[in-house]
Each structure stands twice: as C-alpha cells, then as structure tokens.
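Take a look at the letters that make up each chain.
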Amino acid sequence: MNQNNNQPKKPKRDNNTKSGSSRSPSRGAAIRAHKRVNEDAHRISSQWQNAKVEPAGQNQPRANFIDDSPRLKFVGLGGMDSGGSKNTLLLEYKNDAIIMDCGSDLGVDLPGINYGIADTSYLESIKHKIKGYVITHGHLDHIGGLPHILPKFPAPIYGSRFTIGRVEEIFENFGLPMPDGFELKTVIMNEKTHEKLKLGEFFVELVGVTHAIPGSTAIAVDTPVGRVINTGDFRLDQNPLDHEKTDTERLIELGREGVLALLSESTTTDRPGRTPSESSIEPSFVDIMNQAPGRIFVAIFSTNVNRIQMIVNAAVRHNRKIALDGRSMISTLEMAVRNGFMKIPKGTFVPIASVPNLKDQEVVVVCTGGQGEPNSALQRMAVGEHKHVKLKSEDTVILSSTPIPYTGNDALVRKMVDNLFKGGVHVFRHESREADQCGPLHVSGHGSQDEYGEMIDMVKPKFFVPIYGDYTAKKYHIELAVGHGIARKDCLNVSNGDVISFTKNTMEASEKVPNGTILVDQTGAIVSNVVVKDRLMLSNEGLVVFILTIDKKTSQLMTSPDIISRGFIYMKDEEELMNEFRIELKRAVAQRFKRIDLDRFKLEIKEHITHFLYEKTGRSPIVIPVVNIIGQKQNSGKKDQAKPQSSPAQQAEDMQKRFAEMRSRLLNQDARTD
C-alpha cells in the first residue's frame, strides 16, 4: 500500500481560472455554508436549550399558565424524556405546590458542560406556592439540581434519613457559595411507620421501596382531588442485601383505599421478566477473591452502599484490607458509616496512598469508574496517570456495573477495558461474564416488566402516567398498563412542560408551561446556550482572527496583516494560503476602508473573508476582524491647559508602541501564529 494514502489531505485549492471547468463557489454558497454550520451548532445545543430561547411564537407569558380553578395539576419540568434525567416533578392545587425530586442530567454531551438541570422559569410565577421538596432517593438525577434551584425557591426538603444525608452531603461538597441568608432546612421522614406530614393542602407519606441506594421510597400524596402515588425508582427484590424489601403491604393497602393516579418510573419497561435479586451476585465476588493472584480493584457506583458492604464482607473473609478511591466514594461512605448504614470492622480501611506498601494478596481497592468517566479513579489507573497506584499484570479488575441507559457510556467503558487489557490486567465484567467464566456481577436497580405490572396491580389506579423515561420507554409502559386492566383512554404519555389536570373523575392534558435545560460547567456555574453554540462551532470549524493596522490619513495598512488560527489550519503548513490571505486583506482594505464607516467596514470585511476562506478550503470558521486605526482623533472633552500637549509625531509613536505591546500579547499566546 502506498504510504502517502495515509497522509492527511490538505485543503483543496482552486485556481479559479475562467476557462476551467470547475467554478469558484459563489458568495451565496459561502453564506449558506456558514449558515448551515451555525444551524447545526444551534440544533445540537438546542437539545438542552432553556425556556427563554424557545422558537418564536412558542415562548408564552410566564404567569397564568395554570389557573386557580379547583383542579389538581401535575407537570414534569424534567424527568419526562431522555431516560428520566433532571427529574423534577410538580403537583399544584390552588395556592399550594410541592416539588417531587430535583435532579440533574449527567448525560449532557456538550463542550465544557458537566450536567444540566431543569429550567425553573415556571417556578418564578408560583414561587409563593411552593411548600416543600419531597425526594424519593439520593441519586444525583433526583437530587443534583437542589444546590442550584433550592436557594432561588427556598422550602424545606423532606426525605428518608439516608436521602436527607445525601442531600446534606451534596450541599457540603458544592463548589459555589450559597446566597447570603440561605439556610438548608431538611425534615427526616420515617418510611416504615407510614407517618403523614401536612404540606399546605397536601398530606405526604413515604413508602419504602428497593432500589440501588438505601432509603429509597415511593411518595403517596393525598390531595383534595384524590391520592397520587409516585413510585420513585424501584424493583421488587424478594431478597435484598439490606433486607429492606419494597413495602408491598402498604402499597396494596393504599390501593384498596383508592388511588386517583399512579406516576410510575419507566426506565427498563422493555426488559421482560423480573430483575434478579441483589443477593445473587455475592457468590461471584467470593469466587473471584478465592482465585485472584494479586490485588483486586472493584469499580462500583459510590451510592451503592449495600453492594459495597457485600465487598467489605468478602474482603474481611479473605483477610484483605480495603482502600477507597474517588472523592464521591469517600464522601458517601463517610456519610453512610456516620448514619449507621454500613458496618465496618475496625482496621479494615487503609489509605489509598498505602496500597503500594502492602502485599498484593492483602489489598482490595473499591473505586469509582464503572462508567468509564474520564476523571474517575479507575480510568486514571487504566491510562497510568494515578498518583498512588500503578496497575500490573497480577491485578484483577471487577466492573460491578453496566453502562447507564441513554448516556452513551458504552464506548467509554470499552476504551477503558482496552487499556486495562493492554496492561495485562485480568478484567471481569457483568456483560461478558460467560466469556470471563464468572457469575453475575451486577443487578439493575430498576424492575422489569413483571414488576412494573405488579406495581399497577397493587395500586389499582384510576389513571396512569408513566414518568422517568423517554417517550419509547413510556409507550411500552402504557401498553403494559393496558394489559393490566387500565383503559387506554386513562393513560397519558406526556413530555416535559405538559400539564395534566385532574378532577376526581377526569384526567386531561391541558396547557404547557415553559421548560428546558440550564447547563452547568465543572465549577457549578451556569453556562449560556449561546456560549455552547459558539463552542460547537469552534470545535467543528475553528477560529480565524486577523489584525489590521490602518493609517487614518492615508487609509493604507501600516504593517502586514497579522493572522491567528485556532482549530482551522496549521498556518506553517499553509504558506501559500497565508500569502493569498494577506493579499486579499490588503486589497479589501484598499477598496473598502475609505468609502464606509468603521462598523460597516468590519462587517463587510468579515463577510468577504468568510467567503474567501470557504472558496479556498471549503470550511467556514468563525472569523473575527480586529481593526486598529492609527492617527484617529480622540474625543477627550476639555483640554487640560496645565498638561503640555505632545507633538503629532510623538502621539503617533506612543500609539505605535501601545499597539506593538497588544500585538505581542496576542501573537505570543501560542506557537500556531504567523
């Protein structure tokens, strides 16, 4: 094979000969290409747009969307699409409202964005009605939005003891300061005693359910119209590790008393049968520890306290010490131990820094990274960048998780496994357990079709609304509900922002309130959708800045144009194009500068260069002109008679010096300049 075929191709050059068969792209083609790039960036960023940038005609007034007639209103500001992300549900009746869950979307794939939260534009119009936040459980897609939203709309937070511990933990670890006067108010509810608390017109009760985190609950809300049950995330495990089974007896009792509407999670409604019991995976860990020749690394969700307890038990049985790695892992486990949710024998834990000093057969490292997260502990180990641990061929890695649905983490996990295998490490995964010759290593925290159907049978609702899932998952759930006796007309598949109105005998989709996604970066700061669109354009097409220094008197360039390229071309390899670029800039200045004002000149030369670059390369980078006028009169108001005026020659020299300093700063930012 010719090696030249593997070399990157340079941008096409067009000689633009009039007699040639190929023709130069028209200015219109260049403008249309630039518009397409802009529209593509807008389309991608708009998947997570906020309510204030809706298309024209759809952004309706903020207030008076929901009237105060005696109907119960339900709306999902988040959680009704994209696999149940940024879960934020609202119940409203007259002058009272409660928010059920307040989560973040960790699946946002945009440059520099860490996660998204629900747009709260609608809450602005009803902030006086909000009586509290009731949380089903402590996963970030159900509590991650609280540090951003709660300070703007303060009210007490209600949840189980573990859930409240998780809420307090994320506020303690949040990177930005809270507003002056803000006070976190939490109320621990006992999900085992069926206590009810009054929040305005609502009576709220928590019902224990089994999920992948302790303290998970369903929410039963008695309203003036009827009872509404939000299942939260659940499975009906008959033998959970912590012996905290879903309280099916209470759910059946609530169903007998009468349930107006069931809001049921829909994450895995396309999975047949039942989800296996968590206890089924314990023998797999014991078996691997019996055979592992050296150190053992287990990647797991930091909130899966029950499974971590299982690993602790197995490690103690094999006389191994345990080191925790990952900030979220350590923080959550400290909270769990402090509140009595874990039992750790004294002397079991050791610092991660001490691992290299221990015998290989004495170590188990429990760490984050089961989803292939770029900065997680296991990922850093896999690429050899971990501060304390260097993996070696005798090590064993267990991935006790599967990629989260809808997030696209499969590729990240696969790449990490590649790196682990390249290092000679033994890897065990749940997905490849038969090939790896091991038992099951993961159990989903969500039910399967039989369990979703059993929930409907227990609760016997009059109306059914699937939540916490995308449209397809909720569609499967409705078909399941119809198969379990719910009339199709009594089921609704709605999107974020859609309002469902209930009376004692009716359910209908009525208005739509503003909804969308607010984007958050790694620091916890809000990022504008416009900024994200610019980042997408930069990542796809790059940036070109050109600096023109023009003599005011002669309207001529005083120096050769300076050009800066970022992400567009490598200028040192494109000498011919750069020469043409400078000639074109000189010609454009000579033709245009005298006859139009400065603002118009910048606009025209920007459009002209956009066309020129598209003609030469077929690409449409962001183009930024910088124009410095030398010798331009300054509007300084009254003259200072006490200060001697410098000569015109001195003024010109001073201005040249200032420009030279600015030019030097710009050109020294990176080696990719000319």
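Parameters and conventions
- Residues numbered from 1 in each chain as written.
- Predicted model: local features only at pLDDT ≥ 70, side-chain atom pairs only at ≥ 80, totals over all residues.
- Heavy atoms only, no water.
- Axes fitted to C-alpha atoms, helices over the stretch in contact; angles between N-to-C directions.
- Helix = DSSP H or I, 4+ residues; strand = E, 2+ residues; numbered from the N terminus.
- Parallel < 35°, antiparallel > 145°, perpendicular 65-115°, else oblique.
- Contact = heavy atoms within 4.5 Å.
- Nonpolar A, V, L, I, M, F, W, Y, C, P; charged D, E, K, R; others polar.
- Buried < 20%, exposed > 50% of the residue type's maximum accessible area, 1.4 Å probe, protein only.
- Pairing = 2+ DSSP bridges.
- Phe/Tyr/Trp six-rings, centres within 6.5 Å; stacked < 30°, edge-to-face > 60°.
- Expected span 1.5 Å × (residues − 1).
- Salt bridge = Lys/Arg side-chain N within 4 Å of Asp/Glu carboxyl O.
- Core = buried A, V, L, I, M, F, W, Y, C linked by side-chain atoms within 4.5 Å.
- Left-handed = near helix turned anticlockwise from the far one by under 90°.
- pLDDT = per-residue confidence, 0-100.
- Lys, Arg positive; Asp, Glu negative; His and termini not counted.
- Polar contact = N/O pair within 3.5 Å; in protein donor to acceptor, adjacent residues only side chain to side chain.

1. Quick word on the packing of helix α6 (residues 248–257) against helix α13 (residues 449–459)
To describe two helices that pack against each other, one gives the angle between their axes and the distance between the axes.
For step 1, the next point in the chain: Two numbers describe how α6 lies on α13: the axes approach to 7 Å, and their chain directions differ by 50°. Between α6 and α13, the angle is such that the two are oblique. From α6, Thr 248, Leu 251, Ile 252 and Gly 255 reach across to α13, where they touch Met 455, Met 458 and Val 459.
For step 2, the next point in the chain: Taken together, the residues of the contact of α6 with α13 break down into five nonpolar, two polar and no charged.

2. Observations concerning the pairing of strand β14 (residues 296–299)
For step 1, the next point in the chain: Alternating positions in β14 separate into two faces, Ile 296 and Val 298 on one and Phe 297 and Ala 299 on the other, with burial throughout.
For step 2, the next point in the chain: In terms of strand pairing, β14 meets strand β17 (residues 363–367) through four bridges, oriented parallel. Pairing of Ala 299 across the sheet is with Cys 367, part of β17.
For step 3, the next point in the chain: By the bridge criterion, four bridges tie β14 to strand β18 (residues 396–399) in an arrangement that is parallel. Of the residues in β18, the one forming a bridge with Ile 296 is Thr 396.

3. Overview of the packing of aromatic side chains
For step 1, the next point in the chain: All told, the structure shown has seven aromatic pairs when counted by the stated rule.
For step 2, the next point in the chain: Considering the side-chain rings of Phe 463 and Phe 502, the 6.2 Å spacing of their centres and the 50° angle between planes classify their relative orientation as tilted. One end of the pair, Phe 463, is in strand β20 (residues 461–467); the other, Phe 502, is in strand β21 (residues 498–502), and 39 residues separate them in sequence. As far as the burial class goes, Phe 463 and Phe 502 line up, both buried.

4. Here we look at unusual backbone geometry
For step 1, the next point in the chain: Of note in this structure, Lys 94 is not a glycine but carries a positive phi near 50°.
For step 2, the next point in the chain: Mapping Lys 94 onto the fold places it in the loop between β2 (88–93) and β3 (96–100).
For step 3, the next point in the chain: For Lys 94, a relative accessible area of 36% gives the class partly exposed.
For step 4, the next point in the chain: For Asn 319, which is not glycine, the phi dihedral falls at a positive 55°.
For step 5, the next point in the chain: Mapped onto the elements of the fold, Asn 319 is located in the loop between α8 (305–317) and β15 (321–325).
For step 6, the next point in the chain: What makes Asn 319 exposed here is its relative accessible area of 66%.

5. A word on α8
For step 1, the next point in the chain: Relative to the 18 Å expected for 13 residues at 1.5 Å per residue, α8 spans 18 Å between its end C-alpha atoms, a close match to the ideal helical length.
For step 2, the next point in the chain: Within α8, 10 of the 13 residues are buried, which leaves the element mostly enclosed by the surrounding structure.
For step 3, the next point in the chain: The first or second residue beyond α8 is Asn 319, which carries a positive phi of 55°.

6. With respect to the pattern of salt bridges
For step 1, the next point in the chain: Tallying each qualifying case throughout the model produces 26 salt bridges.
For step 2, the next point in the chain: For the salt bridge of Glu 92 with Lys 129, the shortest nitrogen-to-oxygen distance reads 2.6 Å. Taken together, the positions of Glu 92 in strand β2 and Lys 129 in the loop between α2 (121–126) and β6 (130–134) put the pair 37 residues apart, joining distant regions of the chain. Assigned by exposure class, Glu 92 and Lys 129 land together as buried.
For step 3, the next point in the chain: A salt bridge links Lys 392 to Asp 360, with the nearest nitrogen and oxygen atoms 3.2 Å apart. Here the residue Lys 392 occupies a position in the loop between α10 (377–382) and β18, and Asp 360 occupies one in the loop between β16 (349–350) and β17, the gap between them amounting to 32 residues.
For step 4, the next point in the chain: Given the relative accessible area of 18%, Asp 360 is considered buried.
For step 5, the next point in the chain: Linked by salt bridges that have partners in common, Lys 196, Glu 205, Asp 222, Arg 227, Arg 250, Glu 253 and Glu 257 make up one network.

7. Here's the deal with the environment of Val 513
For step 1, the next point in the chain: Along the chain, Val 513 falls in the loop between β22 (507–512) and β23 (517–520).
For step 2, the next point in the chain: In this structure the C-alpha to C-alpha distance between Val 513 and Asn 496, which are 17 residues apart in sequence, comes to 8.7 Å.

8. As for the nonpolar core
For step 1, the next point in the chain: Counting residues in each nonpolar core, the largest one holds 32 residues, and the members touching the most others are Ile 311, Val 364 and Val 366.
For step 2, the next point in the chain: Mapped onto this core, the elements with two or more residues apiece are α7 (282–291), β14, α8, β15, α9 (327–338) and β17.
For step 3, the next point in the chain: Here this core takes seven residues from α8, the largest share from any one element.
For step 4, the next point in the chain: Setting aside chain neighbours within four positions, we find Ile 311 in contact with Phe 285, Met 289, Val 298, Ile 300, Ile 322, Val 364 and Val 366.
For step 5, the next point in the chain: Grouped together as the second largest cluster of nonpolar side chains are 31 residues, Cys 102, Phe 153, Val 167 and Val 513 included.

9. Examining the packing of α7 against α8
For step 1, the next point in the chain: The contact between α7 and α8 brings their axes to 10 Å, and the two run at 35°. As for the relative orientation of α7 and α8, their crossing is right-handed in sense. Within the contact between the two elements, α7 uses Glu 282, Phe 285, Val 286 and Met 289 and α8 uses Arg 307, Met 310, Ile 311, Ala 314, Ala 315 and Arg 317.
For step 2, the next point in the chain: Partitioning the contact of α7 with α8 into residue classes produces seven nonpolar, no polar and three charged.

10. What about the sheet that holds β6?
For step 1, the next point in the chain: Taking strand neighbours across the sheet as the criterion, the eight strands line up as β8-β7-β6-β3-β2-β1-β21-β22 in an open arrangement whose pairing is mixed. Taken across any chain shown, the strands that pair with only one partner, and hence form the sheet edges, are β8 (186–188) and β22. Going from strand to strand, the sheet's axes swing by 25° on average, the running direction of each strand aside.
For step 2, the next point in the chain: For β6 and strand β7 (residues 157–159), the ladder comprises two bridges, and the chain directions are parallel. Note on β7: the bridge partner recorded for Tyr 133 is Ile 157.

11. Some details on the sheet that holds strand β27 (residues 622–630)
For step 1, the next point in the chain: The three strands are arranged β26-β25-β27 in an open sheet whose pairing can be described as mixed. Whereas interior strands pair on both sides, the edge strands pair on one side only; in this sheet they are β26 (562–566) and β27. When strand polarity is set aside, the average angle formed by the axes of neighbouring strands in this sheet is 15°.
For step 2, the next point in the chain: Strands β25 (543–551) and β26 of the sheet are contacted by helix α16 (residues 575–592), whose axis makes an angle of about 45° with β25.
For step 3, the next point in the chain: Helix α17 (residues 598–617) rests against β25 and β27 of the sheet, and its axis sits at about 140° to β27.

12. What to know about the confidence of the model for the chain
For step 1, the next point in the chain: Across the chain, the average pLDDT comes to 85, with 83% of residues at 70 or higher.
For step 2, the next point in the chain: This model gives residues 636–643 a pLDDT under 50, and the stretch forms one contact once residues within four places in sequence are excluded.

13. Thoughts on the side chain of Asp 101
For step 1, the next point in the chain: For Asp 101, the location among the structural elements is in the loop between β3 and β4 (104–105).
For step 2, the next point in the chain: The buried charged residue Asp 101 lacks any salt bridge partner; its closest oppositely charged side chain belongs to Arg 166, at an N-O distance of 12 Å.
For step 3, the next point in the chain: From its side chain, Asp 101 meets the backbone nitrogen of Thr 136 in a polar contact 2.8 Å long.
For step 4, the next point in the chain: Excluding residues within four positions of it along the chain, Asp 101 makes contact with Asn 87, Thr 88, Leu 89, Val 134, Ile 135, Thr 136, His 137, His 142 and Tyr 468.

14. Points about the environment of Val 365
For step 1, the next point in the chain: Secondary-structure assignment places Val 365 in strand β17.
For step 2, the next point in the chain: Under the relative-accessibility criterion, Val 365 is labelled buried at 0%.
For step 3, the next point in the chain: It is 9.9 Å that separates the C-alpha atoms of Val 365 and Pro 351, two residues lying 14 residues apart in sequence.
For step 4, the next point in the chain: Setting aside its immediate chain neighbours within four residues, Val 365 contacts Ile 296, Phe 297, Val 298, Ala 323, Ile 352, Val 355 and Met 381.

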